[in-house]
Amino acid sequence: MKQLVSNGPTRWPGAKYIIRHDDKQIDLANKKNLADADLDIGYTVERHLRDDDYVVFNRQPSLHKMSLMGHRVKVLPFMTFRLNLSVTSPYNADFDGDEMNMHVPQSYETKAEVKEIMAVPKQVIAPKDNKPVMGIVQDALLGIMLFTQRDRFIELDQVMNLLMWLDIDGKLEGKLPTPAVLKPRPLWTGKQLLSLVIPPVNYKIKSGKDDWDCPNDKNLLVKNGELLCGVVIKKIVGAAPGGLVHIVWKDLGPEVCKIFMSDLQNLINNWLVGNGFTVGV
């Protein structure tokens, strides 16, 4: 705490004020105060935000419960708020100059409520109609459709680079999955890599009388977390009722759902960095 006070308000992590027993507030922006600011038991130090603090985020107009959500802080340079793209839907936020408000809880009780009740993973399902208000959007949504097509093969070096972004020690157990193609060189499919981030759930979409392995790959089957066939599209990973996000949240809880969405975005977005696509007229 003394170190925070000596850093002052201009060096992070530092502190802005000391509040004494008699409620006198010492402003550490004043160099004279900074020199003779000593701490005593019971003083309150108003410190800077640090990583893993919880804050409440709000975007006006607040129209439903999810317009006010709890976020975990990661302190970054510059003076802009940054947030995951999937969180923008319930806030109705975009990146064309929107302003948002951040509120920092001051008591342990408030921190506990923000973490356990208001946190983003707890708000994935809306109370109004019991369906998801968040899903995969933008780059990751477009990318996952390309990534899960049948002819999408990935070389060993790229597989290793993509796996470094994921939080999946339990699923790998130190070994890569067996490649789909062994000769002349090992190749993995996009479906195999996506299976590493899908939690152990079962899910299927069958259209018409086609067999599961129909040539156009429009039937989707996930068996115990393994994507066996099908191209993943918006109604499967978007904010759709009965989609994969909904199933994971209901079956395995908010934390698993959060990790699933984060890993999926990391995998697809980093794959897209090295794999563009062209649109013709």
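The present account deals with the structure reproduced in this document.

Cut-offs used in this document
Residues numbered from 1 in each chain as written. Predicted model: local features only at pLDDT ≥ 70, side-chain atom pairs only at ≥ 80, totals over all residues. Heavy atoms only, no water. Helix = DSSP H or I, 4+ residues; strand = E, 2+ residues; numbered from the N terminus. Rg over C-alpha atoms; globule rule 2.2 N^0.38 Å. Contact = heavy atoms within 4.5 Å. Lys, Arg positive; Asp, Glu negative; His and termini not counted. Charge placed at Lys NZ, Arg CZ, Asp CG, Glu CD. Core = buried A, V, L, I, M, F, W, Y, C linked by side-chain atoms within 4.5 Å. Buried < 20%, exposed > 50% of the residue type's maximum accessible area, 1.4 Å probe, protein only. Salt bridge = Lys/Arg side-chain N within 4 Å of Asp/Glu carboxyl O. Polar contact = N/O pair within 3.5 Å; in protein donor to acceptor, adjacent residues only side chain to side chain. Pairing = 2+ DSSP bridges. Axes fitted to C-alpha atoms, helices over the stretch in contact; angles between N-to-C directions.

1. Some points on the overall build of the protein chain
And then number 1: Along its length, the protein chain carries 11 helices and 11 strands.
And then number 2: For 281 residues, the compact-globule formula gives about 19 Å, and the C-alpha radius of gyration of the protein chain, at 24 Å, lies well above that figure.
And then number 3: Reported as C-alpha extents along the three principal axes, the dimensions of the protein chain are approximately 75 × 45 × 45 Å.
And then number 4: Sequence separation of at least 24 residues holds for 61% of the intrachain contacts in the protein chain that already meet a minimum separation of 6.
And then number 5: Side chains of the protein chain carry 35 positive and 33 negative charges; the gap between the two charge centres is 4 Å.

2. What to know about the nonpolar core
And then number 1: Membership of the largest hydrophobic core comes to 53 residues, with the highest contact counts inside it found for Leu-193, Leu-194, Val-237, Phe-260 and Leu-264.
And then number 2: Put simply, the parts of the chain that give this core at least two residues each are helix H5 (138–147), helix H6 (156–163), helix H8 (190–197), strand S10 (220–223), helix H9 (234–237), helix H10 (244–252) and helix H11 (254–274).
And then number 3: For this core, the element with the most residues is H11, which contributes 8 residues.
And then number 4: Residues in contact with Phe-260, not counting those within four places in the same chain, are Val-197, Ile-198, Pro-199, Leu-244, Val-245 and Val-248.
And then number 5: Counting 7 residues, the second largest nonpolar core, distinct from the first, contains Leu-4, Val-5, Ala-15 and Ile-26.

3. Description of the pattern of salt bridges
And then number 1: By the definition in use, this model includes 11 salt bridges.
And then number 2: Residues Asp-217 and Arg-150 are paired through a salt bridge, measuring 3.5 Å at the closest nitrogen-oxygen approach. Taken together, the residues Asp-217 in the loop between strand S9 (203–205) and S10 and Arg-150 in the loop between H5 and strand S7 (153–155) connect sequence positions 67 residues apart.
And then number 3: According to the relative accessible area criterion, Asp-217 is buried, its value standing at 4%.
And then number 4: Residue class for Arg-150 comes out partly exposed when judged on its relative accessible area of 40%.
And then number 5: For the salt bridge of Glu-255 with Lys-258, the shortest nitrogen-to-oxygen distance reads 3.0 Å.

4. Some words on H5
And then number 1: Those residues of H5 that fall on the buried side of the exposure criterion are Ala-140, Leu-141, Gly-143, Ile-144, Leu-146 and Phe-147.
And then number 2: Residues of H5 that are buried make contact with S7, H8, H9 and H11.

5. Structural notes on the side chain of Asn-7
And then number 1: Along the polypeptide, Asn-7 turns up in helix H1 (residues 2–7).
And then number 2: Polar side-chain contacts of Asn-7 include one of 2.7 Å to the backbone oxygen of Pro-13.
And then number 3: When near neighbours in sequence (up to four residues on either side) are disregarded, Asn-7 contacts Pro-13 and Gly-14.

6. Thoughts on the sheet that holds strand S3 (residues 44–47)
And then number 1: Strands sit in the order S2-S1-S3 across an open sheet of 3 strands; the sheet is antiparallel. Every other strand in the sheet has two partners, leaving strand S2 (25–27) and S3 as the edge strands with one partner each. Shown here is a sheet whose adjacent strand axes are inclined to one another by a mean of 20 degrees, direction ignored.
And then number 2: Pairing of strand S1 (residues 15–19) with S3 involves 4 bridges; the strand directions are antiparallel. Each residue of the ladder has a partner; that of Ile-18, found in S3, is Val-45.

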